[in-house]
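# Tertiary structure, described
What follows is each chain in one-letter form.
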Protein chains: 2
Amino acid sequence: MAKKSNNPTMNDVAREAGVALGTVSKVVNGIPVGEDYRVRVEKAIKKLNYHINNYAQGLKSGKTRAIAVIMPNLVSPYFASLVNSIGKTLALKKHYMVFFGTDYDPDQEQEYVRLAEQQKVDGIICLSYNPKLNVSDEIPLVSIDRYFGAKIPCVASDNYGGGWLAAKKLRENGCKHVAMLRIASKLPHEPSKRRDGFIAACEAIGLSYDQKILSDGAPYQEFVDFLYEHFHDGKLDFDGLFCVTDSLVHQIRGTLKEMGLSVPEDVQIIGFDGCRNFGDLELTCSTIVQPVDAIAESAVNLILNTDQSKAPSLLCLPVEYAFGGTTRK
Amino acid sequence: MAKKSNNPTMNDVAREAGVALGTVSKVVNGIPVGEDYRVRVEKAIKKLNYHINNYAQGLKSGKTRAIAVIMPNLVSPYFASLVNSIGKTLALKKHYMVFFGTDYDPDQEQEYVRLAEQQKVDGIICLSYNPKLNVSDEIPLVSIDRYFGAKIPCVASDNYGGGWLAAKKLRENGCKHVAMLRIASKLPHEPSKRRDGFIAACEAIGLSYDQKILSDGAPYQEFVDFLYEHFHDGKLDFDGLFCVTDSLVHQIRGTLKEMGLSVPEDVQIIGFDGCRNFGDLELTCSTIVQPVDAIAESAVNLILNTDQSKAPSLLCLPVEYAFGGTTRK
DNA sequence: TTCTTGTAGATTATCGATAAATATTGTATT
DNA sequence: AATACAATATTTATCGATAATCTACAAGAA
């Protein structure tokens, strides 16, 4: 007769320690019991190598130490480093992460939120573009980069300030006329404030600008078209460019190279994100760096601090400029 | 009296459908019951929007639909795309992923394996460098990139073949004398076969080579030293370079640029990994591409196919060469 | 017609931890 | 010395799903 599993239970610990089941439960949960009892129980726990059964605990108490993290994917460096950081922060607080990738699909986003709610996780951290995401109010949810209304706390970079900073830096680097490259977004989300900040700054400091809106998932040709629209007499009619994501910087550089234009000599470029390529390698472009670790920490703290009622509805964290070779300095 | 939670249970479904609890369980688990009963239960499930309680199921059956994934981090593109792909594959098979990041720390690796075992996940997929990882044989474990012995299936790229292919391609591109840049690895793991394949190929095809072993987490200075060792009369004494990871390619390129050397004119470089920078952007270097999706799929299949006894102990998946600008073609 | 057998579905003990209810012990008060 | 009352430990019902056991009823054999 093979024993099915040799994992000791609370009952085993109680027997070993010569105390009652309830006493063990108290010790495990940090509820004060008599000194001698506590010691005996702790000794028994160590001796048997007891560890609590998550499923029993989840079933009975409704509390698990799981947090669901819902993101479009992990191949975009921004998402990857965000999830990486969230995982670390959760581990420090003795929680663990259940990850769901949505590929930006609103149906999947909704599906996973519902799934997470059914699985009774302790909280959900999600970055969703679903316009009408349906959220029960039984499980706390914190949103990243997307404001869903006052009831759901949202954590994001200071995107507006970042856009402003980009314009300021281009001006400081001597640019006379700049352009902005951005993606058409179907939905308003915090990162779209980058353009507002950039435009406001341009107007405030008297820097003339153009902007180009690329279609979502912009094909190569659109980058070419953009550049040719601004290409006259062998050179570009702008000397500074703000791309709302680093990804755009990389894409446009390929085209610039083909046209024989060099960066930063012919045009200075600032991106947005600042996620290091292999974790800690040097930046591949000058950029506005998002405080990924701070965003992750804030999101985790908001999720774990139970009184969501007095949580801020929007938390904007400061960004900074970092030189990465695509500007003069 | 407010009801604490409005999640319906199997009992609620049974009452609604006018059948017994056990019958509902059978329907939910696909065990055949009378046609009329099945229909009534299914109708009740839909009406009440019933979903099974994972914790109750986990407690009773010992089966959960969770797979633990243990990786060093998510900021390295290879790990990130691997985890991304594993998550997708699991989702297709109605499983979900619990992610743990270890930062290469053997203690954390061990800790998370144990934690996962205690949480009674259905399986563990792990990429660990811990030499003496202690694994219970109660829960199936699949290793990626590291061979732990015949009892634990290991999935990896054909690293040896990849190294061989790199040498072959450098030769095809006209290289006369090549060098290899690799990291000193404390532990034997599958990727270290890249160098063996490369060296074997060089010898087989009569291509002369040098190799440089960098210390782990190589500082900038080591790259400089390496290049100066091979720099005579204004040029390098090799015309082809194989870096065992793409990350090394990026690091060495910075130094090459500072020395006024250009790629691929002065030296052609081939890396290893081939993870696209933003998921699907173009490659940043010529490289041996690892079949990340295939690795992920294989690992998931091995984990979910219960009869691990007849699983292969090592599964090597084919790699391919991809041009990325750092070679002639 | 009676008895067996088979084939459903219905009951119920169980998984391991929690917390409310209960029992026990010791201290204080009269 | 007797009673009341804390304070602390033990019992036990419970969470929701599973599966072994039980029950009922129908078809077939004698």
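## Considering the interface of chain A and chain B
- Between chain A and chain B, the contact holds 41 residues from the first and 41 residues from the second.
- Of the roughly 4100 Å² buried at the junction of chain A and chain B (both faces included), carbon and sulfur atoms supply 58%.
- Viewed at the interface, chain B and chain A are joined by two salt bridges.
- A salt bridge links Asp103 of chain B to Lys88 of chain A, with the nearest nitrogen and oxygen atoms 3.3 Å apart.
- At the junction of chain A with chain B, the criterion picks out 12 residue pairs in polar contact (both at pLDDT 80 or more).
- For the side of chain A that touches chain B, the secondary structure elements donating two or more residues are α4 (54–61), α5 (77–92), β2 (96–101), α6 (106–118) and α10 (246–258) of chain A.
- The residue makeup of the side of chain A that touches chain B, split by class, is 18 nonpolar, 18 polar and five charged.
- Two elements, β2 of chain A and strand β2 (residues 96–101) of chain B, share three bridges in a ladder whose sense is antiparallel. Looking across to β2 of chain B, one finds that Met97 of chain A is bridged to Phe99 of chain B.

## A word on unusual backbone geometry
Residues and elements named next belong to chain A.
- Backbone torsion omega between Val263 and Pro264 reads 5°, so that peptide bond is classified as cis.
- With respect to the helices and strands, Pro264 occurs in the loop between α10 and β11 (268–273).
- Phi angles above zero are rare outside glycine, and Asp273 is one such case at about 145°.
- Tracing the backbone shows Asp273 in strand β11.
- Looking at Asp273, the relative accessible area reads 11%, which means it is buried.

## Notes on the protein's contact with DNA strand D
- The full set close to DNA strand D counts 23 residues, and Thr23 and Lys60 of chain A together with Met10, Tyr50 and Gln57 of chain B are the nearest of them.
- Restricting the count to atoms of DNA strand D within 4 Å of the protein gives a sugar and phosphate share of 68%.
- Here Tyr50 of chain B contributes a side-chain N or O atom positioned 2.6 Å from a phosphate oxygen of DNA strand D.
- Residue assignment for the surface near DNA strand D shows that the elements contributing at least two residues are α2 (21–28) and α4 of chain A together with α2 (21–28) and α4 (54–61) of chain B.
- In terms of residue class, the surface near DNA strand D is made up of 12 nonpolar, eight polar and three charged.

## Quick word on the relation of the copies chain A and chain B
- The two copies are related by a screw operation: chain A maps onto chain B through 180° of rotation and 0.1 Å of translation along the axis, at an RMSD of 0.1 Å. Accordingly, the operation relating the two chain copies is best matched by a two-fold axis.

## Concerning the pairing of strand β10 (residues 240–243) of chain A
Residues and elements named next belong to chain A.
- Side-chain alternation along β10 places Gly240 and Phe242 on one buried face and Leu241 and Cys243 on a second face that is also buried.
- Alignment of strand β6 (residues 177–183) against β10, held across four bridges, turns out to be parallel. When the sheet's bridge partners are listed, Leu181 is paired in β10 with Cys243.
- The handedness of the β10 to β11 crossover, carried by α10, is right-handed.

## With respect to the pattern of salt bridges
- Counted according to the given criterion, the structure contains 20 salt bridges over all chains.
- One salt bridge in this structure joins Lys47 of chain B and Glu16 of chain B, with 3.0 Å as the shortest N-O distance. Linking Lys47 of chain B in helix α3 (residues 35–48) with Glu16 of chain B in helix α1 (residues 10–17), this pair joins segments that are 31 residues apart in sequence.
- Across the salt bridge formed by Glu35 of chain B and Arg38 of chain B, the nearest N and O atoms sit 3.0 Å from each other. Taken together, the residues span about one helical turn, with Glu35 of chain B and Arg38 of chain B both in helix α3 at a distance of three residues.
- Overlapping salt bridges, with partners in common, bring together Glu35, Arg38 and Glu42 of chain A in one network.

## Quick word on the nonpolar core
- In terms of nonpolar packing, the biggest core is built from 57 residues, with Met71, Ile86 and Ile144 of chain A together with Met71, Ile86 and Ile144 of chain B touching the most fellow members.
- Not counting residues up to four positions away in its chain, the partners in contact with Met71 of chain A are Phe79, Leu82, Val83, Ile86, Phe99, Phe100, Gly101, Thr102, Leu127 and Ile144 of chain A.

## Re the side chain of Asn159 of chain B
- By the secondary structure assignment, Asn159 of chain B is in helix α7 (residues 159–172).
- Each residue touching Asn159 of chain B, except ones within four places of it in the same chain, is listed here: Glu190, Pro191, Lys193, Arg194 and Phe272 of chain B.

Rules behind the numbers
Residues numbered from 1 in each chain as written. Chains lettered and ligands numbered in written order. Predicted model: local features only at pLDDT ≥ 70, side-chain atom pairs only at ≥ 80, totals over all residues. Heavy atoms only, no water. Contact = heavy atoms within 4.5 Å. Buried area = accessible area lost by both parts, 1.4 Å probe. Salt bridge = Lys/Arg side-chain N within 4 Å of Asp/Glu carboxyl O. Polar contact = N/O pair within 3.5 Å; in protein donor to acceptor, adjacent residues only side chain to side chain. Helix = DSSP H or I, 4+ residues; strand = E, 2+ residues; numbered from the N terminus. Nonpolar A, V, L, I, M, F, W, Y, C, P; charged D, E, K, R; others polar. Pairing = 2+ DSSP bridges. Buried < 20%, exposed > 50% of the residue type's maximum accessible area, 1.4 Å probe, protein only. Near = heavy atom within 4 Å. Least-squares fit on C-alpha atoms with pLDDT ≥ 70 in both. Right-handed = clockwise from strand over helix to strand, strands pointing away. Core = buried A, V, L, I, M, F, W, Y, C linked by side-chain atoms within 4.5 Å.

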